[in-house]
Amino acid sequence: MLNIVLFGAPGTGKGTQSELIIKKYGLHHISTGDILRKEIERKSPLGLQAEKHISAGQLVPDELIIDMLADVLNKNTDAKGYIFDGFPRTIPQAKALDKLLGEREIAITAVLSLKVEEKALIQRLLKRGQESGRADDKLEVIENRMKVYREQTDPLRDFYKKNGKLVNIPGDGTVEEVFEEIVVEIDRLPF
Ligand code: B4P
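Residues numbered from 1 in each chain as written. Predicted model: local features only at pLDDT ≥ 70, side-chain atom pairs only at ≥ 80, totals over all residues. Heavy atoms only, no water.

The next thing to look at is the sheet that holds strand β1 (residues 2–8). The pairing of strands in a sheet comes from backbone hydrogen bonds and takes either a parallel or an antiparallel form. Taken in spatial order, the five strands of this open sheet run β2-β3-β1-β4-β5, and their pairing is parallel. The strands lining the two open edges of the sheet, one partner per strand, are β2 (28–31) and β5 (166–170). Strand-to-strand twist in this sheet, taken as the mean axis angle between neighbours without regard to direction, amounts to 20 degrees. Two elements, β1 and strand β3 (residues 81–85), share five bridges in a ladder whose sense is parallel. (Pairing = 2+ DSSP bridges. Helix = DSSP H or I, 4+ residues; strand = E, 2+ residues; numbered from the N terminus. Axes fitted to C-alpha atoms, helices over the stretch in contact; angles between N-to-C directions.)

Structural data, given as structure tokens:
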């Protein structure tokens with residue numbers, strides 16, 4: 001079973017590449033960002049809590065995210081494989097993911113880490129903000145998201161490097177170039 005974690009700073013293209021990966025490999029897409037945005041739209045209790053954190057460029061608390069993820073996994077037990085897009089973002093989330101998958105006797109096959117220079121990321125997110133009006137794609141919020149990424153999420157690269165799952169992918173080419181690189185790496189994996 002192929003289970004991929006797509007990892008990277010805000011705007012590295014996790015959502016963009018996930019769409020292409022699920023089309024090619026038929027995986028079930030789990031984007032914590034997309035789920036949270038839907039909850040915000042529905043004004044559910046989870047959405048109302050999440051909105052405060054997202055609009056300030058902070059991460060949503062681990063307990064909420066982990067419960068949300070367990071629920072999605074329980075509702076999609078027949079998936080051929082999963083792509084985790086934007087999850088995990090902290091060490092406690094990574095440990096919880098291992099536990100949740102272990103209980104189902106599955107494991108992460110690889111963590112694809114997309115790397116792009118911060119300057120380029122800020123430009124991408126500002127452009128997306130103009131086009132989509134996403135509330136967290138404003139300069140001061142983006143700068144905070146980058147800081148939160150460096151402090152809380154980037155240490156996960158070491159966590160996955162130590163357990164041999166980390167695969168680095170340059171993310172600064174065109175969408176198609178990055179996808180080609182991803183396909184080369186996925187096709188090398190033992191699954
Ligand atoms: P996410 O929805 O995960 O979004 P993201 O990190 O901003 O973007 P992504 O990397 O997916 O970029 P995309 O492909 O869209 O998170 C949003 C917020 O939700 C977080 O800040 C956090 O508050 C909360 N959250 C989510 N998950 C959480 C968790 N696990 N724990 C706690 N909180 C959580 O690409 C960005 C732009 O670049 C697009 O406009 C795209 O068209 C463009 N682009 C992509 N690839 C490109 C390329 N190769 N060249 C040029 N442009 C490109």
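Take the site of the ligand next. The local shell around the ligand holds 29 residues, among which K14, T16, T32, R128 and R145 are the closest. A distance of 2.7 Å separates an oxygen atom of the ligand from a polar side-chain atom of T16. Contact with the protein chains hides 86% of the accessible area of the ligand, taken as 1000 Å² for the molecule alone. Mapped onto the shell around the ligand, the elements with two or more residues apiece are α1 (14–25), α2 (32–42) and α6 (118–132). It is α2 that contributes the most residues to the shell around the ligand, four residues altogether. (Near = heavy atom within 4 Å. Polar contact = N/O pair within 3.5 Å; in protein donor to acceptor, adjacent residues only side chain to side chain. Areas by Shrake-Rupley, 256 points an atom, 1.4 Å probe, with all protein chains shown as cover.)

Here the focus is the environment of F179. Summarising the element assignment, F179 is placed in helix α9 (residues 175–187). Owing to a relative accessible area of 17%, F179 belongs among the buried residues under this scheme. In this structure, the C-alpha to C-alpha distance between F179 and S18, residues 161 residues apart in sequence, is 9.4 Å. Among all residues touching F179, those that are not within four sequence positions of it are Q17, L20, I21 and K24. (Buried < 20%, exposed > 50% of the residue type's maximum accessible area, 1.4 Å probe, protein only. Contact = heavy atoms within 4.5 Å.)

Tallying each qualifying case throughout the model produces 15 salt bridges. Residues E103 and K99 are paired through a salt bridge, measuring 3.4 Å at the closest nitrogen-oxygen approach. Residue E103 and its partner K99 are both found in helix α5 (residues 91–103); the two are separated by four residues, about one turn of the helix. The two residues E103 and K99 agree in class, both being exposed. Its salt-bridge partner being R188, residue E185 comes within 3.3 Å of it at the nearest N-O pair. Take E185: its relative accessible area is 15%, and that puts it in the buried class. (Salt bridge = Lys/Arg side-chain N within 4 Å of Asp/Glu carboxyl O.)

Moving on: the packing of α1 against α9. Helix-helix packing: each pair is described by the crossing angle between the helix axes and the interaxial distance. As a packed pair, α1 and α9 sit with axes 10 Å apart at the nearest point and diverge in direction by 50 degrees. One element, α1, and the other, α9, form an angle in the oblique class. Along this stretch, α1 crosses α9, giving a crossing that reads as right-handed. When α1 is examined against α9, the residues T16, Q17, L20, I21, K24 and Y25 are found in contact with a partner set consisting of V175, V178, F179, I182, V183, I186 and D187. Residue composition of the contact of α1 with α9, grouped by class: nine nonpolar, two polar and two charged. (Parallel < 35°, antiparallel > 145°, perpendicular 65-115°, else oblique. Left-handed = near helix turned anticlockwise from the far one by under 90°. Nonpolar A, V, L, I, M, F, W, Y, C, P; charged D, E, K, R; others polar.)

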